[in-house]
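# Summary of structural features
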Amino acid sequence: MDVLINVFVGLHIIGIASLLGGFLTQMKAMGAGTARFSPSMLHGALTMLVTGVLLVGFNEMDGQAVNNIKVGVKLAVLFVILALVYVKRDEEQVDKALFGAVGGLTVLNIFIAVLWN
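Let me begin by describing the structure that accompanies this report. (Residues numbered from 1 in each chain as written. Predicted model: local features only at pLDDT ≥ 70, side-chain atom pairs only at ≥ 80, totals over all residues. Heavy atoms only, no water.)

### A word on the pattern of salt bridges
So the rule is basically this: The term salt bridge refers to a pairing of a side-chain nitrogen on Lys or Arg with a carboxyl oxygen on Asp or Glu at a separation within 4 Å. Buried, partly exposed and exposed residues are distinguished by accessible area as a fraction of the type maximum, computed with a 1.4 Å probe on protein chains only: under 20%, between the cut-offs, and over 50%, respectively.
Tallying each qualifying case throughout the model produces one salt bridge. Between K88 and E91 there is a salt bridge, and its shortest N-O distance comes to 3.4 Å. Since its relative accessible area comes to 26%, K88 is described here as partly exposed.

Below, the structure written as structure tokens:
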């Protein structure tokens, strides 16, 4: 079970990298007001959702303690990210504040994962 959990942790990190990488590559465009949500951002957020839910299930099956409040907060933040990216995915440019909010929420989700014990 440990190998399976570690594989999905790796996939979860790949999802985070895709979402955050998509944001960071658009930073210059955000300054010019021409940033848009790339498909990699949507796919990264969806990867995070699927792998995160599976990780909770795998950890429960393995008998490990799961902090359900932390998982719920991370899930709520991810749902906001997913909603924003999904709704605005086809627009040629996204408002700076909205694009920055997705980046900020992504970083918030990373810090919740790392710092919340």
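Structure shown, so let's carry the discussion forward.
### Overview of helix α1 (residues 2–25)
The cut-off we apply is this: Secondary structure elements are defined from DSSP: runs of H or I of at least 4 residues count as helices, runs of E of at least 2 residues count as strands, and each element is numbered from the N terminus. The span expected for a helix works out to 1.5 Å for each residue beyond the first. Contacts are residue-level and defined by heavy atoms, with any inter-residue pair within 4.5 Å sufficient.
Its 24 residues give α1 an end-to-end C-alpha distance of 34 Å, which sits within 8% of 34 Å, the value for a rise of 1.5 Å per residue. Regarding α1, the residues found buried are I5, F8, H12, G15, I16, L19, G22 and F23. Of the surrounding secondary structure, the elements contacted by the buried residues of α1 are α2 (27–32), α3 (39–61), α4 (68–87) and α5 (96–115).

### Things to note about a nonpolar patch on the surface
Put simply, the rule is: A residue counts toward a patch only above 30% relative accessible area and without a salt bridge, and it is joined to like-charged neighbours within 9 Å or, for Val, Leu, Ile, Met, Phe, Trp and Tyr, to nonpolar neighbours within 5 Å. Note on areas: Shrake-Rupley with a 1.4 Å probe; residue coverage comes only from the protein chains shown.
Together, V3, V7, L11 and I14 make up an exposed nonpolar region whose accessible area comes to about 370 Å². Relative to the helices and strands, V7 is located in helix α1. The exposure class assigned to V7 is partly exposed, which follows from its relative accessible area of 44%.

### Overview of the packing of aromatic side chains
The test is simple: Any pair of Phe, Tyr and Trp rings, taking the six-membered ring for Trp, is counted once the centres come within 6.5 Å. Such a pair is stacked with planes under 30 degrees apart, edge-to-face with planes over 60 apart, and tilted for the rest.
This structure, assessed with the given rule, holds three aromatic pairs. Considering the side-chain rings of F23 and F99, the 5.2 Å spacing of their centres and the 25° angle between planes classify their relative orientation as stacked. In this pair, F23 is assigned in helix α1 and F99 in helix α5, connecting sequence segments 76 residues apart.

### Quick word on the environment of T106
By the element assignment, T106 lies in helix α5. Given a relative accessible area of 3%, T106 falls into the buried group. Residues T106 and I16 lie 90 residues apart in sequence; the distance between their C-alpha atoms is 7.9 Å. Excluding its chain neighbours within four sequence positions, the residues that come into contact with T106 are L19, L20 and I81.

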